[in-house]
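Take a look at the letters that make up each chain.
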Amino acid sequence: MPVPLKPDRLLLLYGTQTGQAEAIAKEIAEKVEAQGLKFEIHDLGKTEKKFNIERETCVVIVTSTTGDGDPPDTALKFFRRLKKKTLPDDYLTNLNYALLGLGDSNYTNFCNAGKTLDRRLEELGAKRFYPSGWGDDAVGLEVAVEPWMEGVIPALCEFLGHTYKSGLCSDKAAADEKTLNTMEKSNESDVSKNLENSEFLKNGQNTEENEDNLQKEPGNNFQKEISDVRTENGASGKLFPENEESECQVASLKTSVLPLCRETLTIPVLSPAYLSLEYLDTEMKDSNTDETAIQNGVPFPSAASSVTMATVLSSTAMTHPEALKKTISLRLSIEQDSAFDYQPGDSISVVCSNSEDEVTRILHRLGVVDKADRVCQFSIIPGTKKKNPTVPQYYPSATSLHHLLRTCVDLREPPKKAFIRVLAEYTTEEQERRRLQELCSKQGSSDYLHFIREAGVSVFDLLLTFTSCNPPVERLLEHLPRLQPRPYSVCSSPVAEPGVIEVAFNIVEIPSGDGRMFDRTGVCTGMLDRLTKVIQQSYVDQCLPSEIDISERVTSLKLSPMKIPIFARTNQHFRLPDDLTVPLILVGPGTGVAPFIGFLRHREALRAKMEDPAMYGDTWLFFGCRHKDKDFLYRKLASFEENGILTRLCVCFSRDEQDSDEPRYVQDNIFRHAVELIPLIDKGAKIFVCGDAKNMAKDVNETVIKSLQEVKGLDVEEAKKQVMRLRLYKFYLEEVWT
């Protein structure tokens, strides 16, 4: 048995993929430090370097789940060590732990990494000193994480024999009568006045880009009797009608109602400032940033390659202009001698940047536009009370504020409560300050969830809504997370077309309202759409039999070759079997069909080399969309069925007029063909599902269970067990998103 370290040693460990688990672990560290406890905090990847779990006596672990229920990349070594079957049952008998798992219940293997670790620790003799918790990103991590953190600190103190001091991890904010009286009287909307007089709305006209059409007031959550009148020259009106009691108000992002507006609030302790920003006299020169300089060359999560600058070959609108969503097919060229390598089923990540227009507006709102292009330097404030403060590694050593906001930080992520607490500190108008305090308070958790998280409200939306909030830009940067690349499934084959990568994606469009102050597109999809718009082939063009030469169009427009930074992502399971005789069942509605286009192109190229093509395994594809004439992607799918690459192509159109017995969704078609599909599954067919996690993937899973019951006469529990076995042995694979 390993010799334990001293019993009062406390270790905080985290396994993180995108930074969420690390941020929560550091928040726990601040609370632990406030109690006067000594501790160390490490990434799980530091196992055997900074710690040995078998020698520890007290640990708190926070871990996320990634991929198909897998541990974070940096934590794989830690998980593998504990997974060894040779470890004795009392290997961790000296260990006492508390564990918080993070996940998303829209995915099948919710919090699987955390739950797997929890079971294994228990199997090896470790004991919990506090119940394990499971944060669900589908409903908001805060819903489970905050209560768990509130409970684990006193439990930790009790276990270590340390007196717990209440009130150290939160402040109190009482509602004063002046604020209440103001809320109960008629009050001119500050947002309306701001937007009426701001550069964001000029003479009632939209700004240049439709995506940035700013609205006067967040949300439409007002009763009819509340005055809400828009003038031709902007927006004006009153938040509340004359002589109305606050009980008649309707809650919104800016408006509080009883009982919250009268409660004494428990709010987070103000996080200490730690970043110092200095502007130099020199201007930042425009330069073509190579891949080593992107976000200071700091590696990205899930990266399986270095960043490569890919050249845009073509951009094509795949949907009719009247379709609900605009889908783009983007073809990229990569140098064949580069280190970039991929297989069908893989995804690439696009390193994206924020909208130039949005960044400029934020700079204006913060009052720093005149300094935005000057070279700036960051350092740590001397004497800061922040624990182990560091300038983020992904900040370039030589940068400007404009460049930093454009390429390094996420401006769209809904701000966390600690961030809103900082904004409240720099808000001068009492009613606005009180409302921000409510939104970050324990008592206002439901308002935070509804008006911030679910609405997708950004820090810029808050700055436009709460006009007396004027934080220094350094305070914002302390809380803005890293801008993460966006993943897209590859629909090409390195064998069929070497050096070419093709992806397909929907342009994410997010309208104003519910606290969002302007129309917007997705950070990455909007960027790609704007970048390639000048060369985009229309829906009509792509339906023509001959392709248009994009290189000629680029030359005629005197454009430089368009470059996009990309990298290959890790992929452990969602790949074709090497054996072409293995049957496949592919389910991909909408853009979920993208990886299967790559599958079919790849198998077509390999089948041509088979000694006995008759041995080629049955391959079924289930595709669906709303309208056959508007959003039927990859209309050439039928050619794969004609040449034998596809055994069956089953399509359905959910919004077209058709007979009541016709299938509308992919799961309808699966059940219709259950008698043919179940024997394939019994023969070892691999099921691949790609697309929406919230509804489609769950419905397909239920349909496979139902099909097993129908064809094999199983009861529901046995059918569920068979599907679980398929998943366990990687015969049922998903690539889904929310």
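Residues numbered from 1 in each chain as written. Predicted model: local features only at pLDDT ≥ 70, side-chain atom pairs only at ≥ 80, totals over all residues. Heavy atoms only, no water.

1. Considering the overall build of the chain
Turning to step 1, where the next piece is worked out: Secondary structure assignment for the chain yields 22 helices and 24 strands.
Turning to step 2, where the next piece is worked out: Counting all 738 residues of the chain, 52% fall into the buried class.
Turning to step 3, where the next piece is worked out: Intrachain contacts of the chain at a sequence separation of at least 6 include 79% that bridge at least 24 residues.
Turning to step 4, where the next piece is worked out: Of the roughly 33,500 Å² that the chain leaves accessible, carbon and sulfur atoms contribute 48%. (Helix = DSSP H or I, 4+ residues; strand = E, 2+ residues; numbered from the N terminus. Buried < 20%, exposed > 50% of the residue type's maximum accessible area, 1.4 Å probe, protein only. Contact = heavy atoms within 4.5 Å. Areas by Shrake-Rupley, 256 points an atom, 1.4 Å probe, with all protein chains shown as cover.)

2. Remarks on the packing of aromatic side chains
Turning to step 1, where the next piece is worked out: With the rule as written, the count across this model stands at 18 aromatic pairs.
Turning to step 2, where the next piece is worked out: With a centroid separation of 6.2 Å and an interplanar angle of 55°, the aromatic rings of Phe51 and Phe78 are classed as tilted. Within this pair, whereas Phe51 is found in the loop between strand 2 (40-43) and strand 3 (58-64), its partner Phe78 is found in helix 2 (residues 76-83), the two being separated by 27 residues in sequence.
Turning to step 3, where the next piece is worked out: Judged by relative accessible area, Phe51 falls into the buried class, the value being 2%.
Turning to step 4, where the next piece is worked out: Judged by relative accessible area, which is 1%, Phe78 ranks as buried.
Turning to step 5, where the next piece is worked out: Relative to Phe632, the ring of Phe623 has its centre 5.4 Å away and its plane inclined at 20°; by these criteria the two rings are stacked. Across this residue pair, the class does not change: Phe623 and Phe632 are buried.
Turning to step 6, where the next piece is worked out: Clustering of aromatic rings is evident, with ring pairs tying together Phe574, Phe596, Phe599 and Phe688.
Turning to step 7, where the next piece is worked out: Over the face of the ring belonging to Tyr616 we find Arg607, whose NZ or CZ atom lies 5.1 Å from the ring centre. (Phe/Tyr/Trp six-rings, centres within 6.5 Å; stacked < 30°, edge-to-face > 60°. Lys NZ or Arg CZ within 6 Å of the ring centre and 35° of its normal.)

3. Regarding the side chain of Thr47
Turning to step 1, where the next piece is worked out: Looking at where Thr47 falls in the secondary structure, it is placed in the loop between strand 2 and strand 3.
Turning to step 2, where the next piece is worked out: Apart from residues no more than four positions distant in its own chain, Thr47 is found in contact with Lys77, Phe78 and Arg81.

4. Considerations on the nonpolar core
Turning to step 1, where the next piece is worked out: Among the nonpolar cores identified, the biggest contains 53 residues, and Leu405, Leu477 and Leu480 are the most heavily contacted of them.
Turning to step 2, where the next piece is worked out: Looking at this core, the element that brings in the most residues is helix 12 (residues 459-465), giving five residues.
Turning to step 3, where the next piece is worked out: Setting aside chain neighbours within four positions, we find Leu480 in contact with Tyr394, Leu405, Val409, Asp410, Leu411, Phe419 and Val459. (Core = buried A, V, L, I, M, F, W, Y, C linked by side-chain atoms within 4.5 Å.)

5. Regarding the environment of Ala34
Turning to step 1, where the next piece is worked out: Mapping Ala34 onto the fold places it in helix 1 (residues 20-34).
Turning to step 2, where the next piece is worked out: The spacing of Ala34 and Lys165 is 131 residues in sequence and 8.8 Å in space, taken between C-alpha atoms.

6. So, empty space enclosed by the protein
Turning to step 1, where the next piece is worked out: Overall, the coordinates contain six cavities of 30 Å³ or more when judged by the stated rule.
Turning to step 2, where the next piece is worked out: The space that makes up the largest cavity amounts to roughly 80 Å³.
Turning to step 3, where the next piece is worked out: If you go around the largest cavity, the residues you meet are Ile585, Val587, Ile670, Ala674, Leu677, Ile678, Ile681, Ile687, Val700, Val704 and Ser707.
Turning to step 4, where the next piece is worked out: Mapped by element, the contributors of at least two residues to the lining of the largest cavity are strand 20 (584-587), helix 20 (674-682) and helix 21 (696-712).
Turning to step 5, where the next piece is worked out: Its residues placed into classes, the lining of the largest cavity shows ten nonpolar, one polar and no charged. (1 Å grid on protein atoms, 1.4 Å probe; cavity = no way out; pocket = protein on both sides within 12 Å on 5 of 7 lines; lining within 4 Å. Points joined across faces, edges and corners; volume = space filled by probe spheres on them. Nonpolar A, V, L, I, M, F, W, Y, C, P; charged D, E, K, R; others polar.)

7. Digging into a nonpolar patch on the surface
Turning to step 1, where the next piece is worked out: A grouping of Leu728, Tyr729 and Phe731 is seen on the molecular surface, where their side chains present a nonpolar patch of about 340 Å² in accessible area.
Turning to step 2, where the next piece is worked out: As for its position among the elements, Leu728 is in helix 22 (residues 716-728).
Turning to step 3, where the next piece is worked out: When its relative accessible area of 59% is taken as the criterion, Leu728 is described as exposed. (Patch = residues over 30% accessible without salt bridge, like charges linked within 9 Å, V, L, I, M, F, W, Y side chains within 5 Å. Salt bridge = Lys/Arg side-chain N within 4 Å of Asp/Glu carboxyl O.)

8. Side note on a positive patch on the surface
Turning to step 1, where the next piece is worked out: Residues Lys46, Lys49, Lys50, Lys77 and Arg80 make up a contiguous surface patch of positive charge.
Turning to step 2, where the next piece is worked out: Mapped onto the elements of the fold, Lys49 is located in the loop between strand 2 and strand 3. (Lys, Arg positive; Asp, Glu negative; His and termini not counted. Charge placed at Lys NZ, Arg CZ, Asp CG, Glu CD.)

9. Points about the pairing of strand 13 (residues 374-380)
Successive residues of a regular strand alternate their side chains across the two faces of the sheet.
Turning to step 1, where the next piece is worked out: Alignment of strand 9 (residues 275-283) against strand 13, held across six bridges, turns out to be antiparallel. Within strand 13, the position partnered with Ser276 by the bridge is Ser379.
Turning to step 2, where the next piece is worked out: Note that strand 13 and strand 14 (residues 399-400) share two bridges and pair antiparallel. Following the sheet pairing, Cys376 is matched in strand 14 by Thr399. (Pairing = 2+ DSSP bridges.)

10. Quick notes on helix 11 (residues 445-454)
Turning to step 1, where the next piece is worked out: Along helix 11, the positions that sit buried rather than exposed are Asp447, Tyr448, Leu449, Phe451 and Ile452.
Turning to step 2, where the next piece is worked out: The inward-facing, buried residues of helix 11 contact helix 4 (141-159), helix 9 (417-425), helix 10 (430-439) and helix 12.
Turning to step 3, where the next piece is worked out: Phi for Gly456, located one or two positions after helix 11, is positive at around 65°.

11. Quick notes on unusual backbone geometry
Turning to step 1, where the next piece is worked out: A cis amide bond links Leu258 to the next residue, Pro259, at an omega of 0°.
Turning to step 2, where the next piece is worked out: Mapping Pro259 onto the fold places it in the loop between helix 6 (190-197) and strand 8 (265-268).
Turning to step 3, where the next piece is worked out: If you check the backbone angles, Asn388 has positive phi at about 50° while not being a glycine.

12. Considerations on the environment of Ala113
Turning to step 1, where the next piece is worked out: Its location among the elements puts Ala113 in helix 3 (residues 112-123).
Turning to step 2, where the next piece is worked out: Judged by its relative accessible area of 2%, Ala113 falls in the buried class.
Turning to step 3, where the next piece is worked out: Separated by 38 residues in the primary sequence, Ala113 and Ala75 place their C-alpha atoms 9.9 Å from one another.

13. Things to note about the pattern of salt bridges
Turning to step 1, where the next piece is worked out: For the coordinates displayed, the defined rule picks out 35 salt bridges.
Turning to step 2, where the next piece is worked out: Across the salt bridge formed by Asp357 and Arg361, the nearest N and O atoms sit 3.0 Å from each other. With Asp357 and Arg361 both in helix 7 (residues 356-366), this residue pair falls four residues apart, about one helical turn.
Turning to step 3, where the next piece is worked out: The class of Asp357 is partly exposed, set by a relative accessible area of 24%.
Turning to step 4, where the next piece is worked out: By relative accessible area, which is 6% here, Arg361 ends up buried.
Turning to step 5, where the next piece is worked out: Between Arg475 and Glu478 there is a salt bridge; the shortest N-O distance is 2.7 Å. With Arg475 and Glu478 both in helix 13 (residues 473-479), this residue pair falls three residues apart, about one helical turn.

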